[in-house]
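# Coordinate analysis (summary)
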Amino acid sequence: FINASLSCREKMDYYECEQNPKQVHFTNKTFGHKLPDLLFSVIVPDREKIGYYNSVNIIKPEDAAILFKAEGHYPKRLTVEAWTSYRDYRNRKYGVLLKNGEDWRSNRVILNREVISPKVLGNFVPLLDEVGQDFVARVHKKIEMSGQDKWTTDLSQELFKYALESVGSVLYGERLGLMLDYINPEAQHFIDCISLMFKTTSPMLYIPPAMLRRVGAKIWRDHVEAWDGIFNQADRCIQNIYRTMRQDTTTHGKYPGVLASLLMLDKLSIEDIKASVTELMAGGVDTTSITLLWTLYELARHPDLQEELRAEVAVARQSTQGDMLQMLKMIPLVKGALKETLRLHPVAVSLQRYITEEIIIQNYHIPCGTLVQLGLYAMGRDPDVFPRPEKYLPSRWLRTENQYFRSLGFGFGPRQCLGRRIAETEMQLFLIHMLENFRVDKQRQVEVHSTFELILLPDKPILLTLKPL
Ligand code: HEM
Ligand code: 2DC
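Conventions and cut-offs
Residues numbered from 1 in each chain as written. Chains lettered and ligands numbered in written order. Predicted model: local features only at pLDDT ≥ 70, side-chain atom pairs only at ≥ 80, totals over all residues. Heavy atoms only, no water. Helix = DSSP H or I, 4+ residues; strand = E, 2+ residues; numbered from the N terminus. Buried < 20%, exposed > 50% of the residue type's maximum accessible area, 1.4 Å probe, protein only. Contact = heavy atoms within 4.5 Å. Areas by Shrake-Rupley, 256 points an atom, 1.4 Å probe, with all protein chains shown as cover. Donors = N, O, S within 2.8 Å, 3.2 Å for Na, K, Ca; no water. Near = heavy atom within 4 Å. Polar contact = N/O pair within 3.5 Å; in protein donor to acceptor, adjacent residues only side chain to side chain. Nonpolar A, V, L, I, M, F, W, Y, C, P; charged D, E, K, R; others polar. Expected span 1.5 Å × (residues − 1). Axes fitted to C-alpha atoms, helices over the stretch in contact; angles between N-to-C directions. Parallel < 35°, antiparallel > 145°, perpendicular 65-115°, else oblique. Salt bridge = Lys/Arg side-chain N within 4 Å of Asp/Glu carboxyl O. Pairing = 2+ DSSP bridges.

All right, on to the overall build of the chain then. Looking only at helices and strands, the chain has 19 helices and 11 strands in total. Counting only residues that meet the buried cut, the chain has 53% of its 469 residues in that class. Here the analysis covers contacts within the chain between residues at least 6 apart in sequence; of these, 73% occur between residues at least 24 apart. In the structure as shown, the chain presents an accessible area of about 21,600 Å², 53% of it carried by carbon and sulfur atoms.

What follows concerns the coordination of the iron atom of ligand 1. In this structure the iron atom of ligand 1 is ligated by exactly one protein donor, Cys417 (SG), at 2.3 Å. Among the structural elements, Cys417 can be located in the loop between α18 (376–380) and α19 (420–437).

To continue, consider the environment of Ile110. Assignment of secondary structure puts Ile110 in helix α6 (residues 101–115). Judged by its relative accessible area of 12%, Ile110 is buried. In contact with Ile110, not counting residues within four places along its chain, are Leu262, Leu265, Lys267 and Leu268.

A few words now on the site of ligand 1. In the neighbourhood of ligand 1, 27 residues make up the surrounding shell, with Arg77, Arg108, Arg353, Arg415 and Cys417 lying closest. A distance of 2.7 Å is found between an oxygen atom of ligand 1 and a side-chain nitrogen or oxygen belonging to Arg108. Measuring from an oxygen atom of ligand 1, one finds a side-chain N or O atom of Arg415 at 2.9 Å. Looking at the shell around ligand 1, the elements that each hand over two or more residues are α6, α13 (270–283), α14 (286–301), β4 (350–354) and α19. Looking at the shell around ligand 1 element by element, the count peaks at 3 residues for α14. In the shell around ligand 1, the residues fall into 14 nonpolar, 9 polar and 4 charged.

Attention shifts here to the site of ligand 2. Lining the immediate environment of ligand 2, one finds 17 residues, of which Met197, Glu279, Gly283, Ser350 and Gln352 sit closest. Protein chains shield 88% of the accessible area of ligand 2, which is 630 Å² for the free molecule. Those elements that provide at least two residues to the shell around ligand 2 are α9 (185–201), α13 and β4. The residue makeup of the shell around ligand 2, split by class, is 11 nonpolar, 4 polar and 2 charged.

This next bit is on α13. Between its terminal C-alpha atoms α13 stretches 20 Å, which fits the 20 Å expected from 14 residues at 1.5 Å a residue. The element α13 is largely enclosed, with a buried count of 10 among its 14 residues. Of the positions making up α13, those classed as buried are Asp272, Ile273, Ala275, Ser276, Val277, Thr278, Glu279, Leu280, Met281 and Ala282. For α13, the secondary structure elements touched by its buried residues are α5 (81–90), α6, α8 (156–172), α9, α11 (218–247) and α12 (258–265).

At a minimum axis distance of 9 Å, the contact between α8 and α13 shows a crossing angle of 155°. Of the possible angle classes, the one that applies to α8 and α13 is roughly antiparallel. Contacts between α8 and α13 involve Leu164, Val167, Leu171 and Tyr172 from the former and Val277, Leu280 and Met281 from the latter.

Once that is clear, we can look at the pattern of salt bridges. With the rule as written, the count across this model stands at 31 salt bridges. Here Asp272 makes a salt bridge to Lys99, at a shortest N to O gap of 3.0 Å. Of the two residues, Asp272 sits in helix α13 while Lys99 sits in the loop between α5 and α6, which places them 173 residues apart along the sequence. For the pair formed by Asp272 and Lys99, the shared burial category is buried. When salt bridges that share partners are traced, they join Arg138, Lys141, Glu158, Lys161 and Asp181 into one network.

Our focus in this paragraph is the sheet that holds strand β8 (residues 438–442). Strand order in the open sheet made by the 3 strands is β3-β11-β8, with antiparallel pairing throughout. With one partner strand each, in any of the chains shown, β3 (151–154) and β8 form the two edges of the open sheet. The mean inter-strand angle of the sheet, taken between neighbouring strand axes irrespective of direction, is 30°. Along the sheet face, α14 touches β8 and β11 (463–468) and points at about 85° away from the line of β8.

Shown next, in the form of structure tokens:
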């Protein structure tokens with residue numbers, strides 16, 4: 001990431017004036033020859049000129065603060081063209097992930113109320129808690145079947161199912177059945193399609209999808225197949241809810257899920273609802289499951305810390321007598337562990353915004369309209385920002401004054417992750433239940449690093465051993 005940016009600096013002078021006289025901002029005159037914390041990457045603002053884009057890259061919390069003050073009323077991030085191209089190709093509407101401007105804002109405001117406002121937590125917790133309990137029961141069963149009083153496995157497939165079951169239960173207010181022994185092959189296909197969708201997206205950050213489509217490239221065809229699988233499965237789930245709602249209009253006082261709430265609210269068109277619910281369902285699988293996998297890996301590497309977390313959970317359980325909503329307010333170290341995981345193993349390698357006003361960062365002028373990227377991965381490992389960054393220390397998050405523009409795993413501001421509340425709750429409940437039931441252990445010294453498949457993933461399988469307490 002950093003090397004690519006640096007090597008492109010040399011090309012700056014060449015591209016600068018040729019394209020557009022207004023784009024004179026990427027010159028050494030503007031930025032000087034010493035480029036302390038800024039890294040520049042490529043070039044050529046016009047996307048037709050093959051996959052290049054201009055950006056200024058920052059890595060300090062203080063600079064992030066300046067960046068987000070200049071994001072404007074309609075914050076816009078880098079467009080993942082592969083995703084918009086697919087929707088254009090299949091004539092599907094953009095959801096909140098891909099919309100921009102007023103269309104984005106009006107949709108987002110309504111979605112916020114049903115998906116991320118604090119008032120929905122009371123609805124989500126019982127649903128997610130049930131999934132957490134079922135996961136634990138499933139692991140107990142696997143341990144029993146092994147006949148060894150322990151279960152050693154690569155948990156990622158199980159975690160994908162846990163994540164999809166969780167997001168499905170809040171979106172549709174009913175269970176998909178993924179914690180059972182026999183699972184619907186269509187659900188498994190959905191999970192496989194999401195991984196394939198991410199994997200096929202990353203090359204298309206550099207090669208324009210329109211061109212790949214023209215030449216019938218395999219990567220484009222695989223990408224289309226992946227999204228087709230995602231949309232077909234989401235359509236089936238949505239149709240299902242739509243049908244039952246028309247047959248039975250009474251909700252029996254039970255929380256009906258995000259989709260039914262949005263349909264009853266009747267403030268967004270059905271097509272808009274479908275588009276965003278599909279994005280939520282697809283966005284809710286690999287993100288949380290991989291973060292949980294990394295967290296278990298870190299807890300396995302730090303047995304003493306694991307015991308500390310277990311003790312915190314036990315106290316919270318006792319003093320609230322199992323009232324989950326209350327219990328979630330009493331586990332700061334568990335929450336710190338999740339922040340620490342996202343610091344060292346962020347899902348998103350960077351955050352980006354097109355700034356809507358001129359800003360000054362590290363004494364350099366950056367003109368309005370420039371794409372500015374905050375390197376989340378780099379910031380998380382910068383010793384000036386996080387002392388001894390290589391250490392996994394959840395307790396560093398216990399002091400709020402340490403957090404100024406440092407906890408950015410879910411992004412920032414009105415354009416931050418829409419699934420944040422679901423993700424955090426689902427992950428906290430998972431850890432509570434796992435810590436209460438199992439000790440996590442790992443096989444000898446295998447160092448696992450990150451690999452980029454649009455999101456960051458472990459570069460090799462992580463084998464964990466679960467033992468009942
Ligand atoms: C956007 C991270 C889980 C749905 C984002 C962004 C980040 C992110 C960094 C961009 C935010 C920005 O530009 O400021 C994560 C992480 C997750 C996670 C770290 C879990 C550990 C989820 C889940 C869902 C979801 C569970 C769905 C239920 C979305 C959507 C957007 C988004 C729809 C686009 C929002 C918009 O453009 O208005 N996420 N995410 N994410 N995420 Fe997540
Ligand atoms: C990837 O250079 C690297 O949350 C690029 O749940 C810049 C970039 C732009 C947008 C980012 C993306 C990166 C990583 C994955 C993110 C995405 C925005 C939303 C998406 C962070 C950093 C994600 C995983 C969403 C995906 C929802 C989708 C499957 C429907």
